[in-house]
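Structural description and commentary
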Amino acid sequence: MCPSLSRAFWTSVTKLGLHTKPRMPPCDFTPEKYQSLAYDRVLEVHRLHLPPVPTAYFPKPLLLHQGHMEWLFDHEGNRYLDCFSGIVTVSVGHCHPKVNAVAQKQLGRLWHTSALFFHSPTHEFAEKLLALLPEPLKVIFFVNSGSEANDLAMLMARAHTNRTDLISFRGAYHGCSPYTLGLTNVGPFRMELPSGLGCQSTMCPDVFRGPWGGSHCRDSPVQTIRKCSCAPDCCQARDQYIEQFKDTLNTSVAKSIAGFFAEPIQGVNGVVQYPKGFLKEAFKLVREREGVCIADEVQTGFGRLGSHFWGFQTHDILPDIVTMAKGIGNGFPMAAVVTTPEIAKSLAKCMYHFNTFGGSPMACAIGSAVLEVIKEENLQENSQEVGTYMLQKLAELRDEFEIVGDVRGKGLMIGIEMVKDKMGRQPLPQEEVNQIHEDCKRMGLIIGRGGIFAQTFRIAPSMCITKPDVHFAVEVFRSALIQHMERRAQQNS
Ligand SMILES: Cc1ncc(COP(=O)(O)O)c(C=O)c1O
């Protein structure tokens, strides 16, 4: 469908009622009445006392009050389908009854003692989680956030190799601590102060936006609209990007390096997927330089990608260190680093790692409950089935609308990249993406944003989402796109 379609066409579309507000699937949960600070007072307190960083979505930010599974309720009782789950974090559903019950039980028993004492929830969780990881990844360090986990992984890599240089992709987000900011290469997070000693970036093998990419590069039910003539078992884009990676190794780092960090699929950069086989080859090259390989599973872990429990498994690779956070606690602040006994020993030789809250009985009881729910409710399988279905439905919108440049992802980690037009792949201007985002919210759908120009919509709901929910989300998104095209047609008439 062409962006230059006439006003008459879009008016007739409206008359046909194609963008009447889509109907939400039913929900038998009734939220409590909101009885706290008035909306304007919240805005005032925020303006006066919270950091002057414009993090909130929407000119009139949402004031959320309660959550139930895939649903959120605002202070006025309006219901939203939450397709961003607190930035890919509420893995099994808001206030999941089983996780809540376990948390309440532990709350009444023991909150905190520190690692100076033993408490069985920690040991139970360590055993359960490590059973999900292959040999030799059998030592776990508990921390409280993804940034802390990656900080520690950076130290581990350096301690183990006795080298300094670390490589990460352009577009990567690995945290916002002073140390991890060296690895984080997404525009808005680049710091104006000296930082990032020994951290080097390398080209992100982005098969949609990057210089190379074709029609079967990625591990996704939906490929790019770019064409290629590669035979099924070869990928020229992968080979070209590997040449770039070699170039970084040959020109920008020491002969031996500490390591390489990669998200199995980039989250903050807008669900960017690399060509199949890229990470496998990159890991080999890093190991030839005596570096260790770190998989940042903060967004991709815990079954979200559907086909596998961990993102690294989808690339057929075995990292030396795995970092995890977000979905591990369904929103409870907790995180972990898993590594080999050798690397753990190297760290212990260099430092006495200590963390007051890491591995608290509360966090670990919740972590165990989350793992049980993922298994009991087949949430990984649900990610695979419902996520694939959603990707296919969204791909139909990509074929219908010129401004939907790419639909990608795996399981319930989905990106929709908005462009001025498919041919040029230039990002759709922010104001236009903002308006589509706002329209989705108004119709009851919460989605996220990502990419260097905030041009990509991100969909990563709790893994309990259903097919009727997906119908609703896709209808809302389609309706927002139609409204956008109407506005364009009006402006051009
Ligand atoms: C891939 C990845 N790594 C690390 C982090 C940092 O996690 P946290 O915000 O918990 O420090 C994030 C946060 O968005 C992330 O997406």
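Below is a short write-up of the structure. (Residues numbered from 1 in each chain as written. Predicted model: local features only at pLDDT ≥ 70, side-chain atom pairs only at ≥ 80, totals over all residues. Heavy atoms only, no water.)

1. Focus: the overall build of the protein
Regarding its fold elements, the protein presents 13 helices and 15 strands. A compact globule built from 493 residues would reach a C-alpha radius of gyration of about 23 Å, and the protein, at 23 Å, matches this within 12%. Projected onto the principal axes, the alpha-carbon positions of the protein cover approximately 75 × 60 × 45 Å. Here the protein, with 493 residues, has 56% of them falling under the buried criterion. Within the protein, contacts between residues at least 6 apart in sequence are counted, and of these 74% link residues at least 24 apart. Carbon and sulfur atoms provide 55% of the accessible area of the protein, an area that totals close to 21,700 Å². (Helix = DSSP H or I, 4+ residues; strand = E, 2+ residues; numbered from the N terminus. Rg over C-alpha atoms; globule rule 2.2 N^0.38 Å. Buried < 20%, exposed > 50% of the residue type's maximum accessible area, 1.4 Å probe, protein only. Contact = heavy atoms within 4.5 Å. Areas by Shrake-Rupley, 256 points an atom, 1.4 Å probe, with all protein chains shown as cover.)

2. Considerations on the side chain of aspartate 469
In this fold, aspartate 469 is placed in helix 13 (residues 467–492). When sequence neighbours within four positions are dropped, the list of residues in contact with aspartate 469 reads Pro25, Glu70, Trp71 and Leu81.

3. Here we look at the nonpolar core
In this structure, Phe260, Met324, Leu394, Met418 and Phe477 are the most contacted members of the largest nonpolar core, which totals 101 residues. With 10 residues, helix 13 is the largest single contributor of residues to this core. With near-sequence residues (within four places) excluded, phenylalanine 260 lies in contact with Ile167, Phe169, Phe245, Leu279, Ala282, Phe283, Val286, Val292, Cys293 and Ile294. By size, the runner-up hydrophobic cluster in this structure holds 24 residues, among which are Ala149, Val292, Val298 and Ala344. (Core = buried A, V, L, I, M, F, W, Y, C linked by side-chain atoms within 4.5 Å.)

4. Description of helix 4 (residues 97–107)
For helix 4, every residue scored as buried is listed here: Val99, Ala103 and Gln106. Down the axis of helix 4, the smallest arc covering the buried residues is 65°, so these residues share one side. Every exposed residue of helix 4 that faces more than 90 degrees away from the buried side is listed here: Pro97, Gln104 and Lys105. For helix 4, the secondary structure elements touched by its buried residues are helix 5 (120–130) and helix 10 (361–376). (Arc of directions from axis to C-beta.)

5. A short note on the packing of aromatic side chains
Enumeration over the complete set of coordinates arrives at 15 aromatic pairs. Ring centres of phenylalanine 169 and phenylalanine 278 lie 5.9 Å apart, and the angle between their planes is 45°; this geometry places the pair in the tilted category. Taken as a pair, phenylalanine 169 in strand 5 (residues 166–169) and phenylalanine 278 in helix 8 (residues 278–288) lie far apart in primary sequence, 109 residues in all. The same class applies to phenylalanine 169 and to phenylalanine 278, which are both buried. The interplanar angle of 65° and the centroid separation of 5.6 Å between the aromatic rings of phenylalanine 302 and phenylalanine 309 together place this pair among those described as edge-to-face. The exposure class of phenylalanine 302 is buried, given its relative accessible area of 2%. A relative accessible area of 11% means that phenylalanine 309 is categorised as buried. Connected via pairs of aromatic rings, a cluster forms that spans Phe169, Phe245, Phe260, Tyr274, Phe278 and Phe283. If you follow lysine 60 out to its NZ or CZ, it ends over the ring of tyrosine 39, 5.2 Å from the centre. (Phe/Tyr/Trp six-rings, centres within 6.5 Å; stacked < 30°, edge-to-face > 60°. Lys NZ or Arg CZ within 6 Å of the ring centre and 35° of its normal.)

6. Section: the site of the ligand
In the vicinity of the ligand, the contacting residues are Ser145, Gly146, Ser147, Asn150, Tyr173, His174, Gly175, Glu263, Asp296, Val298, Gln299 and Lys326. For the ligand, a nitrogen atom lies 2.7 Å from a polar atom in the side chain of aspartate 296. Compared with its free state, where it exposes 390 Å², the ligand has 84% of that area covered by protein. In terms of residues, the shell around the ligand owes the most to one element, helix 6 (residues 146–161), which gives three residues. Of the residues contributing to the shell around the ligand, the split by class is two nonpolar, seven polar and three charged. (Near = heavy atom within 4 Å. Polar contact = N/O pair within 3.5 Å; in protein donor to acceptor, adjacent residues only side chain to side chain. Nonpolar A, V, L, I, M, F, W, Y, C, P; charged D, E, K, R; others polar.)

7. Comments concerning the environment of glycine 415
Structurally, glycine 415 can be placed in strand 12 (residues 413–418). In the structure, glycine 415 is positioned 309 residues away from glutamine 106 in sequence and 37 Å away in space, judged by C-alpha atoms. Among residues more than four places away in sequence, those in contact with glycine 415 are Gly270, Val271, Asp406, Val407, Arg408, Thr456 and Phe457.

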